[in-house]
Amino acid sequence: MLQQDPHTCPTFDSCALIVIDMQNDFVQPEGTASRPEALEILPQTITLIETFRKAHKHIAHVMRLYNQNGQKAEPCRRAQLENGTEFVIPDTWGAQIADGLLPKGTVIDHEVLQWGTPISISAKECVLYKQSWSAFYKTQLEWYLLEAPAKTVIVTGTWFANCVRQTIYDAMSCHLRVVAVHDCIAGITDKDCADLEKVGCSVLTAKEIAAQLK
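Just so you know, the residues in each chain are numbered from 1, in the order the chain's sequence is written. Under the rules for a predicted model, residues below a pLDDT of 70 receive no local features and side-chain atom pairs below 80 are neither given nor counted, while totals for whole chains, interfaces and linings still include all residues. Only hydrogens and water are set aside; all other atoms, that is, all heavy atoms of the structure, feed into the side-chain values.

## Details of the nonpolar core
Residues belong to a common nonpolar core when they are buried Ala, Val, Leu, Ile, Met, Phe, Trp, Tyr or Cys residues joined through side-chain atoms within 4.5 Å. Note on classification: 1.4 Å probe, protein chains only; a residue is buried when its accessible area is under 20% of the maximum for its type, exposed when over 50%, partly exposed between these limits. Judged by nonpolar contacts, the single largest core of 42 residues is most densely connected at L17, L48, F52, L113, I154 and I209. Put simply, DSSP H or I for four residues or longer makes a helix, DSSP E for two residues or longer makes a strand, and each gets a number counted from the N terminus. At the level of secondary structure, the elements contributing two or more residues to this core comprise β1 (15-20), α1 (24-27), α3 (42-54), β2 (58-64), β4 (125-130), β6 (177-185) and α9 (206-213). Listed in part, the 30 residues of the second largest apolar core include V62, F160, V164 and V178.

Printed below as a string of structure tokens:
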């Protein structure tokens, strides 16, 4: 549902798209931490990204990278890495952003990315590395949005219960207007959508957002 409150309703003339953790290990069936729902949202997420490019709106791809000893991972995932599970390790297939999301031929240097500076892939599209669940935690995402400038963020990605939800709430803490894309977020439920709407987050489909941008 589109928020009607003048303090929370999205401003599509000054919006940016955030794409969270759509990496092979989280999305593709062969990925070590994947779930079917993440693969299901991939086609419409690709379409939504293309819509934003055509509308000349800003896009930020935010990704996670771990090291094998687990020290860069959230505490709840360290034991898996220490025991040999390999996921989103820099320079591996699993850490790469899934095909179709970035412009064809784009190569992201993971070592450079981990220094914290966004990597620009066009005038209005970048890739950022995040150090924990939220795309705002110890990143330059807020500054990127201020420079855009973007008053509204459109949030997509995987997985709702951790990274996506935390990003949404942190965006609202930054006094940004927020839209959760129901069919471009893996693991989101109807109850989750109702809870988001209660705190001023709009919940729309990719088609509804495309219609607003046109």
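## A closer look at the pairing of β1
The buried fraction of β1 is high, at 6 of 6 residues. Judged by which residues are buried, β1 turns out to be covered on both faces: C15, L17 and V19 on one side and A16, I18 and I20 on the other are all buried. Alignment of β1 against strand β5 (residues 152-157), held across 6 bridges, turns out to be parallel. From the neighbouring strand, A16 faces β5, where its bridge partner is V153. Pairs of strands are assigned from DSSP output, requiring at least two bridges between the strands. In terms of strand pairing, β1 meets β2 through 5 bridges, oriented parallel. By the bridge assignment, I20 is partnered in β2 with V62.

## Structural notes on the layout of surface pockets
Of the two site types, the cavity is a set of points on a 1 Å grid over the protein atoms alone where a 1.4 Å probe fits but cannot get out, and the pocket is an open set with protein on both sides within 12 Å along at least five of seven lines, each lined by residues with an atom within 4 Å of a point. Grid points are joined across faces, edges and corners, and a volume is the space filled by probe spheres set on the points. The computed volume of the largest pocket comes to approximately 270 Å³. What lines the largest pocket is a set of 18 residues, among which I97, A98, D99, L102 and T106 lie closest to the centre. Split into classes, the residues belonging to the lining of the largest pocket amount to 9 nonpolar, 7 polar and 2 charged. Taken as a whole, the second largest pocket encloses approximately 200 Å³ of empty space. Any residue that is not Ala, Val, Leu, Ile, Met, Phe, Trp, Tyr, Cys, Pro, Asp, Glu, Lys or Arg is counted as polar, Gly included; the first ten are nonpolar and the last four charged.

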